[in-house]
Amino acid sequence: MSSADDRKELNPKSAEFLEKAITENYHSFRKKSTAMLRNPIDAEDAVQNTFMKAWRYQSNLRDTASTYSWLNRILYTECLAISKNRSKHASIISDQQLDQLATINTGTDNDFEHWFMETILSSLSDHYRHLLVLFYEKGFTANEIAEILNLEPKLVRHQIAYARKLVKEKYLELAGDE
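Thresholds, definitions, all that
Each chain has its residues counted from 1, following the order in which its sequence is written. Given that this is a predicted model, residues contribute local features only at a pLDDT of at least 70 and side-chain atom pairs are listed and counted only at 80 or more, while totals for whole chains, interfaces and linings are drawn from all residues. The side-chain quantities take in all heavy atoms of the structure and omit both hydrogens and water. Burial status follows relative accessibility: with a 1.4 Å probe on protein chains alone, a residue under 20% of its type maximum counts as buried, one over 50% as exposed, and anything between as partly exposed. Put simply, buried Ala, Val, Leu, Ile, Met, Phe, Trp, Tyr and Cys residues joined by side-chain atoms within 4.5 Å make one nonpolar core. In this description a helix means any DSSP run of H or I spanning at least four residues, a strand means any run of E spanning at least two, and both kinds are numbered starting from the N terminus. Every residue pair with non-hydrogen atoms within 4.5 Å of one another is taken to be in contact. Note on aromatic pairs: the rings of Phe, Tyr and Trp (six-membered ring only in Trp) are paired at centre separations within 6.5 Å, and the planes decide the class, stacked below 30 degrees, edge-to-face beyond 60, tilted for the rest. Lines fitted to C-alpha atoms define the axes, with helix axes restricted to the stretch in contact, and inter-axis angles between N-to-C directions lie between 0 and 180 degrees. For classification purposes, angles smaller than 35 degrees are called roughly parallel, those larger than 145 roughly antiparallel, those between 65 and 115 roughly perpendicular, and all remaining angles oblique. Crossing handedness is defined as follows: a turn of the near helix away from the far one that is anticlockwise and smaller than a right angle gives a left-handed crossing, while the clockwise case is right-handed. Residues were grouped as follows: Ala, Val, Leu, Ile, Met, Phe, Trp, Tyr, Cys and Pro as nonpolar; Asp, Glu, Lys and Arg as charged; and all remaining residues, including Gly, as polar.

A positive phi angle, close to 60 degrees, is found at Asn150, a residue other than glycine. Using a relative accessible area of 33% as the deciding quantity, one classes Asn150 as partly exposed.

In C-alpha cells:
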C-alpha cells in the first residue's frame, strides 16, 4: 500500500495523519523555503513555523486531498513574513551614503546601478520581488516557480510579466525618462 493510500485511511484531523504529511514533505518544503529566502537558517525557521502552525490549526484541514496545498500555503506565508521582517531590519541608505555613491567615479557605475536596482526592487510587493528573484537571480523556470508556490505555470508567467512591467515603470519614474 502506498503512502498516499495510508494517508487516505487516516483521519485528516488525527496527529498521525499530520505527522505523516510533515515527514513526507519536509525535504520538499526545505528546498522551497531555501529558494525563496536564500538563507538556510531562515528557511529552516520557515519550515518549523509551518509545521507548528499546521499542528495548531490542524482542525481547519477538511480533507486529505488538500493537505499538501494547505501546508504549501502556510509555508509561502511564513516565507513572506520572514522576508518582510528581514527587510524591516535592513539598513536604510542615509543621505550621506547616497552622496558617497553619487560621487564615486571608478570608471564604472556598478555601485550606483546596484543601489538603483535595489531601490526599484524594494518598491515591489514581496510577492513580485520573490518571483523576480526566483526567476532571474536563482534561475528557476516558470514551471519550477509554479511548483514552489503551488500556482499554475500560466499564472506565474503572467505575474512575472506584470512584475517586469512594474520594474520598467519604476525605472522610468526614477530615471526621469518620459
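This part takes up the nonpolar core. Met36, Trp70, Leu131, Ile145, Leu149 and Val156 are the most contacted members of the largest nonpolar core, which has 39 residues in total. Elements with a minimum of two residues in this core: α2 (15-37), α3 (40-56), α4 (67-88), α6 (110-122), α7 (126-137), α8 (142-149) and α9 (153-175). With residues near it in sequence (within four places) discarded, Met36 still touches Tyr76, Cys79, His130, Leu134, Ile148 and Leu149.

This brings us to the packing of aromatic side chains. In this structure the tally under the stated criterion is four aromatic pairs. Ring geometry for Phe29 versus Phe51: centroids 6.1 Å apart, planes at 35 degrees, classification tilted. Of this pair, Phe29 sits in helix α2 while Phe51 sits in helix α3, and the two are 22 residues apart along the sequence. As far as burial versus exposure is concerned, Phe29 and Phe51 are alike and both buried.

The next point concerns the environment of Trp70. In this structure, Trp70 sits in helix α4. Spatially, the C-alpha atom of Trp70 lies 9.8 Å from that of Asn150, the residues being 80 residues apart in sequence.

Here we take up the environment of Tyr136. Take Tyr136: it is sitting in helix α7. Between the C-alpha atom of Tyr136 and that of Ile160, which follows or precedes it by 24 residues, the distance is 10.0 Å.

Further remarks concern the packing of α7 against α8. The geometry of α7 relative to α8 is characterised by a closest axis approach of 10 Å and an angle of 135 degrees between their N-to-C directions. In terms of orientation, α7 and α8 fall into the oblique class. The hand of the α7/α8 crossing is right-handed. On α8, the residues that touch His127, Leu131, Leu134 and Phe135 of α7 are Ala142, Ile145 and Leu149. Grouping the amino acids of the contact of α7 with α8 by side-chain chemistry returns six nonpolar, one polar and no charged.

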